[in-house]
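The chain contents come next:
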Amino acid sequence: MSGRFRAPSGGRVDRAKPVRFSFDGQSYQGVAGDTLASALLANGVHLVGRSFKYHRPRGIVTAGSDEPNALVGVGADDAHYTPNMRATQIEIYEGLVAESQNRWPSLRFDVGAINEAFAPFLSAGFYYKTFMWPPAAWKRIYEPLIRRAAGLGRAPAKPDPDRYTQVYAHCDVLVIGAGPAGMAAALAASATGARVFLCDEQAEMGGSLLSEKTAMIEGQSAGDWTAGALAGLAARANVTLMPRTTAFGWYPHNFLGLCERITDHLAGADPKLPRERLWQVRATEVVLATGALERPLVFPDNDRPGIMMAEAARIYANRFGVLPGNTAVIFTACDSAYRAALDLKSAGVAVAAIADLRAAPGGVWVDRARAAGMEVREATVVTGTTGRLRIDSVNLGKLGPDGRVSASETIACDLLLTSGGFTPSVHLFSQSRGKLVYDEALRAFLPGTSVERERSVGACRGIFDLEAVLNDGTAGGSGAAEAVGFAGAAGRAFAVDGDSVGSDGFIGVTPHGGDPSRTRAWIDFQNDVTENDVKLAIREGFRSIEHVKRYTTTGMATDQGKTSNMNALGLVSQTLKRPLPQVGLTTFRPPYTPTTFGVFAGQSRGDLFDPVRKTPVHDWAVAQGAVFENVSLWKRAHYFPKPGEDMHAAVVRECRATRQAVGIFDATTLGKIEVVGKDAAELMNRIYTNSWATLEPGRIRYGVILGENGFVMDDGVVGRMAPDRFHITTTTGGASRVLTMMEDYVQTEWPNLDVWLTSTTEEWAVISVQGPLSRKVLEPLVEGIDLSRASMPHMSVREGKICGVPTRLFRVSFTGELGFEVNVPAGYGRAVWEAIVAAGHAYGITPYGTETMHVLRAEKGFIVVGQETDGTVTPDDCGLGWTIGKAKKDFVGKRSLARPAMMAGDRKQLVGLLTVDPKTVLEVGAQVVADPNQPIPMIMLGHVTSSYWSATLNRSIALALVRGGRTRIGTRLSVPMPDGPIAVELVEPIFYDPKGARLDV
Amino acid sequence: MSDLAIRENSLGRLASVIRNIPSATLAVLPDTAKLLFRGRPAAVDVAGRAFGVAMPQEACRFSARGGRTAYWCGPDEWLLQAGGEASAALFASLDAALAGQSYSLVDVSHRSDAITLSGPEAAYILNHGCPLDLSLQTFPVGMCTRTIFGKATIMLSRPAPELFHIDVWRSFASYVWQLLEEACGEFA
Amino acid sequence: MLLIPCPHCGPRAELEFSYGGEAHIARPVDPASIDDDSWVTFLYERSNPRGVHAERWRHLHGCGRFFNVLRDTVSDTIAASYPAGQPRPALSPDGKGTKR
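Residues numbered from 1 in each chain as written. Chains lettered and ligands numbered in written order. Predicted model: local features only at pLDDT ≥ 70, side-chain atom pairs only at ≥ 80, totals over all residues. Heavy atoms only, no water.

Describing the domain arrangement of chain B
Residues and elements named next belong to chain B.
Working step 1: In terms of domain boundaries, chain B breaks down into domain 1 (12-31 + 111-188) and domain 2 (32-108).
Working step 2: Summarising the inter-unit geometry, the C-alpha centres of domain 1 and domain 2 are found 24 Å apart.
Working step 3: Counting residues at the interface gives 16 residues for domain 1 and 11 residues for domain 2.
Working step 4: Across the domain 1/domain 2 interface, buried area totals approximately 1,200 Å², and carbon plus sulfur atoms make up 53% of it.
Working step 5: Considering only the side of domain 1, the residues that lose the most area to domain 2 are Arg111, Cys144 and Arg146, jointly responsible for 38% of the buried surface there.
Working step 6: Taken together, domain 1 and domain 2 are joined by 2 salt bridges.
Working step 7: Its salt-bridge partner being arginine 146, residue glutamate 77 comes within 3.2 Å of it at the nearest N-O pair.
Working step 8: Applying the counting rule to domain 1 against domain 2 returns 6 residue pairs in polar contact (both at pLDDT 80 or more).
Working step 9: Broken down by secondary-structure element, the contributors of at least two residues to the side of domain 1 that touches domain 2 are β7 (112-118), β8 (144-149) and β9 (152-160). (Domains from an automatic or database assignment. Contact = heavy atoms within 4.5 Å. Buried area = accessible area lost by both parts, 1.4 Å probe. Salt bridge = Lys/Arg side-chain N within 4 Å of Asp/Glu carboxyl O. Polar contact = N/O pair within 3.5 Å; in protein donor to acceptor, adjacent residues only side chain to side chain. Helix = DSSP H or I, 4+ residues; strand = E, 2+ residues; numbered from the N terminus.)

Next up, the structure:
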C-alpha cells in the first residue's frame, strides 16, 4: 500500500505501480501518477520545510505551481541537484531523492527557529534599521552574517551535466492552459485547420476537470470527456500538445518562452534527451486559458502544517486518492469549499465544522453540506490555531454585526482547509502589457485592453461556471483562428450538468479580534510577511503598493505572491480605507514560475558558447605549439614558444628573427571589403580622411576612417586593384562595423553613387612575410610578379600567382621591415603558408604571433585602433593628421574636426615614453602625472596606451596619450605606481628607424 | 614556382566523422565557384543572360539551370554559384559581358563552405538556432535567405521539402556544424 | 523579441536586424556651411519620443538593407515599415496603421 492516507480506490493514480522515493533520507512509497506532495501526504507527511526568515515549520498548502511552502531540493548527487523545486509539481519516479531546505540539523528540530525569539527585531525593513552601528560593522560583520542566513536552498556545487536545448517554433494559435477553457479553445481553433499549440504546465492535461467528480459534460463524466477531447486533439496533424510545458514569459509581438520539462519525471532517462527544452514560440494569436488560483484566508497562526487550501485538498482526494487528514475544519468565504468538504467526506475525511465568514451562506452547496450532516457555523472566523509540527486544534470566534469577534469554541482537528475565493491568473496577460481592470462584483482584476494579439477565456477572465467556461473557450478558439485568417470556425455550445459554485470570496485579513502586534497572521508564507509587517510599513508612511511590496518583501519570493498578492493588497486597502483598485497592483514579470539557468543557456555552453573563428593556418599553429589569444571571436596565435621558452623569451626571439632575417605572421583575421563600381573612388574620398583620386591602380595607401563625430574609428591599408575596384583592409575587430558604416552611407545618404561593397574577409587568407629576407623567400614561389625594388616599391600591390594559385600580393609593412602580405583564396591558405615556410627554412623563417607584431609596430610608433584610440581621439591627437586630404571639401567626420574643442592645444596627444630606468616596463593604462608627490586626487595628464620590452633596442618603450604631449617632448613626467613613481621622458612616438630607411630596399 | 596548392574545406575534419541519423543527416557540399553580383537594374538583365540563369526578381528565391544557381540575397544583390567550374573563367566571362554597365562582381568562392541538412526532422533541427518559420507554407521549396543560426549568419535555401542547404562563412562553419550536430543529438 | 517587417523580406525576428537610431536625420549636404550648434544638433540631438518613433533598422542578417519603421515605444506596435529615403507615412487617427 502506498501510505496510510491513500484511499483504497479513486483518483487517477495507478495503485498497481508502486514507486519508491526518499525524502530527507527516509524511504517512502508512492504510486505512479503521484506528485511528491501527494505521495508525502499519502504517507501522512505534511511538514516539508522551514520558512525563510523565522524557520517556522511549514506544510503543503496547494496542489499546483502556486505552492509557497513546499520547496524541496531534488537530486541524488551534487551535479544533478536542483534546489527550490515545488513538491506539488515534482512527479515521483523510482529512486527520486528529495530533501527539505532551510533547516539544520533536521526538519523536525531546526536551530534556525531561534529567529522566532527575535521576531520583534526582524519586522519589515529590519535590515534598514537594525544594522546601522557601528558603520564599519556592516561590511565585516552584518553583511556576511545575513548572507549566510539568507536565501532558500543551496546551489549545487558541481557543473550541471544535463543537456538543455532551445528551439524556435511558430503557430497560428497558441493556447496556454489545457483545462476546460483551453481544451475547448484548441478544439475550436484546430477545427479550422489552424496550426495550434496547446501547452500546460502539468504532466496531465485537463486542469480542473481532472479533479471533477460530479459534473457531466455532454452526458459524459468530466474524466471521460477530457480523455475524448485530448484524443481528438492528438489525432489532428495541425495540433501540437505540450504537457509539462510552462509558458513562463511573454515578450513583444507574441513571442513567448515555454519551458518543457522532458526528463525530470523519468528514472534513468535516455541520456540523449535534453532535461528541458526552451520553446521560443512566435504565435499569430494567443489564447490565455490560465485559470484561477484559490486565495487563502488570512488569520492568526494560519501557517501550521495541516492548513491547506480547500480546493487543493479536493484535488488530492479526487485526483490522487489521498486523504490529507483524518478530521478537517473548513474556514471559507465561498461555496467552492463546501464542494471540497463534500468530496473529502465521501473520500473518508471527517468534517468537524465549516466556519463561514459570511453572515448567511446559502444555496445548493451549503444545503448539501448541511444535508450531509456537516456543522455550518455562520459569521464565524478562525482566531488562532495550535500544534507545533502539525495543527491540532482551531479556535473559532463569532463575528458580530459590529465587526467585533468573540471567542466561541475550540475544535480538535488535523486539517484546516481555507478558501477565500479565486483569483484569476492574469500574470501572462499582464506580462503582455495588457491593461487590467478591477471587477467590483468578482473582487478581481480581469484582463482589459489588449496590447498584443491575444484573448483570455474561462476562469482567467472571471468566468467560473463550467458550461460557460467551455463555451467561452470555444468562442475564444474560433475567434483566434478567424483573426489569423482561417474561416469555418463552427460555433458549438456545450451542455454541462452540474452546479456552479458562484464567485463569493474575501480579500485581506479576516477579522480576528486579536492585537495585530501580538498575533501573527501570515500574508506571504514564502517570505514570512505578516499582517503586522504590512501595517507597520503603512504606519511608517509607505502608501504605494509598489513601496509596501519592496519594504515588506511581500510577493517578492519565488512564487511572486501567487497566493498572497491580493490579500496584501486587500490589507493595504483595509488599513488605508481606500478602495482596492486605487491601491494599485504590482507588475507581473517573467518568469511565471522559477526557470532553470540551464534552459536559458541552452546549447550555448562550452565550445558552443560563441563561435570560435579559426583561420586556415590555425591547425598548423596548434601543431607548432602556439599559444592563442582571443581577438573578437577569432583565435589568433599570440606567440610560438619553443620548448622551455616563456612568452618573453619567445617574443624576443621572434622579434629578432623578423628584424634580422624573416618572420611569417597570420594576418587572415584582418577585415576586408571589396569596393567596386564607377564611383568607388568617390565613395573612398567621402568615407576616408585620405585622398584617393590620385592613387593609381597597383598602389596602396594607409587610410583612416572617422566617425561623423570626428574621432578615429578604424584604419587599414587599401589597395587600388583597378580604377573601379579597391581592396580595403580593416582592423580585425572593426570589420563589420566599417562595412555597416559604409553600407549605411551608400544606401541612405548617397544612393546615387554607382558603388557596391562586398565583404571579402573570409575570401582571403593573408600571410604576412616580414623582414629583410622576405623578398628572397617569396621570389621563387611567385609567377607573373616582379618583386624587385624597382618594379614593386613599398606600398604597392600586384596580382599574379603564388604556388600556382591566384594571389593579391601587397608590399606593405606593419613592422618597419621590408615586407609582403600574401593574399590567397582561403582554401589555399594552409598550403601556401606551408610552402612559404618550407621555402623560408634556409633563411631561418620564424613564425611570430600577435605579441611580436605589437612590439614591432610599437617600435615604429604605429597606432592600434582601440589601444591608442578609445573613441575620443582625433587623427591629430594620435599623430595621423597627415592622413587628412587637405584639399577635400568633405569626408565623414571632417566638420566635427572644425569644432573648437577638437582643435584645443591641450588635447591628449600621442607621445613616446622612455623610462629613465630602461629595464622598467610600464603598465598599460597607468596614469601620467607631473608631480608624483602632489596630493590625491592627482591631476592626471594622460595614460600609457602601449608598453613593451623592445629586444631590438634592449630597453622598454611605451606610447602614451598626454595632455599637450607634443609640447612636452624632452621633458620628464612621472607614472605613479603602488611601488613608487616611475620617472619617464617624453619622446617622439617612434623608436626605431625613424627615417624609414629599412623600408626603402 | 611550386606545385598547385591543395584547396581545403573548413569542414573537412569535422565531416569525416560519419554519423548515421536518418531523421536529420548532415553532409558537406562540394566546393563551387561563387560570385557575388550587385548592380543597377539594367546590369541585372545582362548578368542573367550572361550567366544563363536570370537573377530572381522575387525576394528570397533562387533559380537554377544546369549546374548554375542564382540566389537572391538582397534587392540589388545575387549570389551566383556554378558547380564544377573555375571561378576565374566564370568571372572573366561575366565581367566581359557586363562591360559598360553599373555593377560589381566579386569572387567569393572561398568565403564560405556549404552544408546540406536532410531528413524529416531537418526543419526542426534548423529551428534550434534559426528563428524562421520553416513550414512549407512560409518557407517553400525554392526559397533562400540570409538568416541566423545561433550566433552565426547563414545563407539558407531549400531545394526540396526535406533538404536544406546552408552556406556559411568559413570561420563560422565548424560552429554551425557542431551546433547542428548538438541539435541532432536527441535523434542519435 | 520584436517581429520586424522588412520591406523586402517580410516579417523577421529582431535577431536578424541591427538598430540604426532615429530616422529622417539627413546628413547636411554641405557640412562646412553649418554652424557649430547646428552640427551638434545633427550629431547628437534626438527626439526620443514616448509613442510613435520613426527609427532605422538594418536587415543585417538578411537582405542587408537599411529601412525605416514607425514603432510605438510604449507598446512596441509597429505601424509602418518603409524603405530608406521615403518620407515618413502619415498614421491613421487611431495610430494603428498608415493612411491609405
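Further notes follow.
Let's talk about the nonpolar core
Working step 1: If you look at the biggest cluster of nonpolar residues, it comprises 85 residues, and the most contacted ones within it are A:Leu174, B:Phe37, B:Leu156, B:Val176 and B:Leu180.
Working step 2: In terms of residue count, helix α5 (residues 170-184) of chain B provides more of this core than any other element does, 9 residues in total.
Working step 3: The residues contacting B:Val176, other than those within four sequence positions of it, are B:Ile115, B:Phe149, B:Ala152, B:Ile154, B:Ile166 and B:Val168.
Working step 4: Formed by 68 residues, the second largest nonpolar core is a distinct cluster that contains A:Phe5, A:Phe126, A:Ile315 and A:Ile354. (Core = buried A, V, L, I, M, F, W, Y, C linked by side-chain atoms within 4.5 Å. Buried < 20%, exposed > 50% of the residue type's maximum accessible area, 1.4 Å probe, protein only.)

Describing the packing of helix α7 (residues 336-347) of chain A against helix α8 (residues 364-371) of chain A
All names here are of chain A.
Working step 1: Across the interface, α7 lies against α8 with an axial gap of 8 Å and an inter-helix angle of 30°. Comparing their axes, α8 and α7 come out roughly parallel. Seen from above, α7 lies across α8 with left-handed handedness. Contacts between α7 and α8 involve Tyr338, Arg339 and Leu342 from the first element and Trp365, Val366, Arg368 and Ala369 from the second.
Working step 2: Tallied by class, residues from the contact of α7 with α8 come to 5 nonpolar, no polar and 2 charged. (Axes fitted to C-alpha atoms, helices over the stretch in contact; angles between N-to-C directions. Parallel < 35°, antiparallel > 145°, perpendicular 65-115°, else oblique. Left-handed = near helix turned anticlockwise from the far one by under 90°. Nonpolar A, V, L, I, M, F, W, Y, C, P; charged D, E, K, R; others polar.)

Details of the pairing of strand β6 (residues 78-83) of chain C
Working step 1: Direction of pairing for strand β5 (residues 66-72) of chain C relative to β6(C): antiparallel, over a ladder of 5 bridges. Note on β6(C): the bridge partner recorded for C:Asn68 is C:Tyr82. (Pairing = 2+ DSSP bridges.)

Some details on α8(A)
All names here are of chain A.
Working step 1: Considered for burial, the residues of α8 that qualify are Trp365, Val366 and Ala369. Projected down its long axis, α8 carries its buried residues within an arc of 100°, all on one side.
Working step 2: The inward-facing, buried residues of α8 abut α7 and β19 (350-356).
Working step 3: Downstream of α8 by a residue or two, glycine 373 has a phi angle that is positive, lying close to 90°. (Arc of directions from axis to C-beta.)

Topic: the packing of aromatic side chains
Any two aromatic rings considered together are summarised by their centre-to-centre distance and by the angle between their planes.
Working step 1: With the rule as written, the count across this model stands at 27 aromatic pairs over all chains.
Working step 2: A centroid spacing of 5.6 Å and a plane angle of 10° characterise the contact between A:Phe814 and A:Phe862, whose relative ring orientation is stacked. You can see A:Phe814 sitting in the loop between β43 (805-811) and β44 (819-825) and its partner A:Phe862 sitting in the loop between α22 (850-859) and α23 (894-897), a full 48 residues away along the chain.
Working step 3: Here the aromatic cluster, defined as three or more aromatic residues joined through ring pairs, consists of C:Phe17, C:Tyr19, C:Trp57 and C:Phe67.
Working step 4: In this structure, A:Arg154 packs its charged tip against the face of A:Tyr81, placed 4.0 Å from the ring centre. (Phe/Tyr/Trp six-rings, centres within 6.5 Å; stacked < 30°, edge-to-face > 60°. Lys NZ or Arg CZ within 6 Å of the ring centre and 35° of its normal.)

Considering the interface of chain A and chain B
Working step 1: Each partner contributes to the interface: chain A provides 54 residues, whereas chain B provides 46 residues.
Working step 2: Taken over both partners, the interface formed by chain A and chain B buries close to 4,400 Å², and the fraction arising from carbon and sulfur atoms is 53%.
Working step 3: Between the two partners, chain A and chain B, sit 7 salt bridges.
Working step 4: A salt bridge links A:Glu743 to B:Arg38; its shortest N-O distance comes to 2.9 Å.
Working step 5: Looking at the side of chain A that touches chain B, the elements with two or more residues in it are β8 (164-176), β15 (276-288), β35 (671-676), β39 (756-759) and α21 (829-840) of chain A.
Working step 6: Counting residues per element, the side of chain A that touches chain B draws most heavily on β8(A), at 5 residues.
Working step 7: In terms of residue class, the side of chain A that touches chain B is made up of 25 nonpolar, 12 polar and 17 charged.

Here's the deal with the interface of chain B and chain C
How big an interface is tends to be stated in terms of accessible area lost as the parts join.
Working step 1: Counting residues at the interface gives 17 residues for chain B and 11 residues for chain C.
Working step 2: Taking both partners together, chain B and chain C bury about 1,000 Å²; carbon and sulfur atoms supply 58% of that area.
Working step 3: Of all residues in chain B, B:Pro75, B:Arg146 and B:Ile148 give up the largest surface area on contact with chain C, accounting jointly for 40% of the area buried on that side.
Working step 4: Applying the counting rule to chain B against chain C returns 1 salt bridge.
Working step 5: The salt bridge partner of B:Asp76 is C:Arg65, with a shortest N-O separation of 3.4 Å.
Working step 6: Taken together, the links from chain B to chain C amount to 6 residue pairs in polar contact (both at pLDDT 80 or more).
Working step 7: For the side of chain B that touches chain C, the elements supplying multiple residues, two or more each, are β4 (68-74) and β8 of chain B.
Working step 8: Top element by residues in the side of chain B that touches chain C is β8(B). It accounts for 4 residues.
Working step 9: Taken together, the residues that form the side of chain B that touches chain C break down as 9 nonpolar, 4 polar and 4 charged.

Quick word on the sheet that holds strand β29 (residues 496-497) of chain A
Residues and elements named next belong to chain A.
Working step 1: With antiparallel pairing, 3 strands are arranged side by side in an open sheet as β11-β10-β29. Two strands lie at the open edges of the sheet, namely β11 (220-221) and β29, each paired on one side alone.
Working step 2: Note: strand β10 (residues 216-217) against β29, 2 bridges, orientation antiparallel. Pairing of isoleucine 217 across the sheet is with valine 496, part of β29.

Side note on unusual backbone geometry
All names here are of chain A.
Working step 1: A cis amide bond links proline 590 with the next residue in sequence, proline 591, at an omega value of 0°.
Working step 2: Residue position: proline 591 is located in the loop between α14 (580-583) and α15 (597-601).
Working step 3: Isoleucine 936 connects to proline 937 through a cis peptide bond whose omega is 0°.
Working step 4: Following the sequence through the fold, proline 937 ends up in the loop between β47 (927-929) and β48 (940-950).
Working step 5: Although it is not a glycine, aspartate 528 adopts a positive phi angle of roughly 55°.
Working step 6: Examined against the element boundaries, aspartate 528 turns out to sit in the loop between β30 (522-524) and β31 (529-530).

Considering the environment of C:Tyr82
All names here are of chain C.
Working step 1: Checked against the element boundaries, tyrosine 82 lands in strand β6.
Working step 2: The exposure class assigned to tyrosine 82 is buried, which follows from its relative accessible area of 4%.
Working step 3: Considering only alpha carbons, one finds tyrosine 82 and cysteine 6, 76 residues apart in sequence, at a separation of 8.1 Å.
Working step 4: Ignoring anything within four residues of it in the chain, the contact list for tyrosine 82 reads Pro7, His24, Ala54, Phe67, Asn68, Val69, Leu70, Pro87, Arg88 and Pro89.
Working step 5: Within the structure, the side chain of tyrosine 82 is placed 2.7 Å from the side chain of histidine 24, a separation counted as a polar contact.

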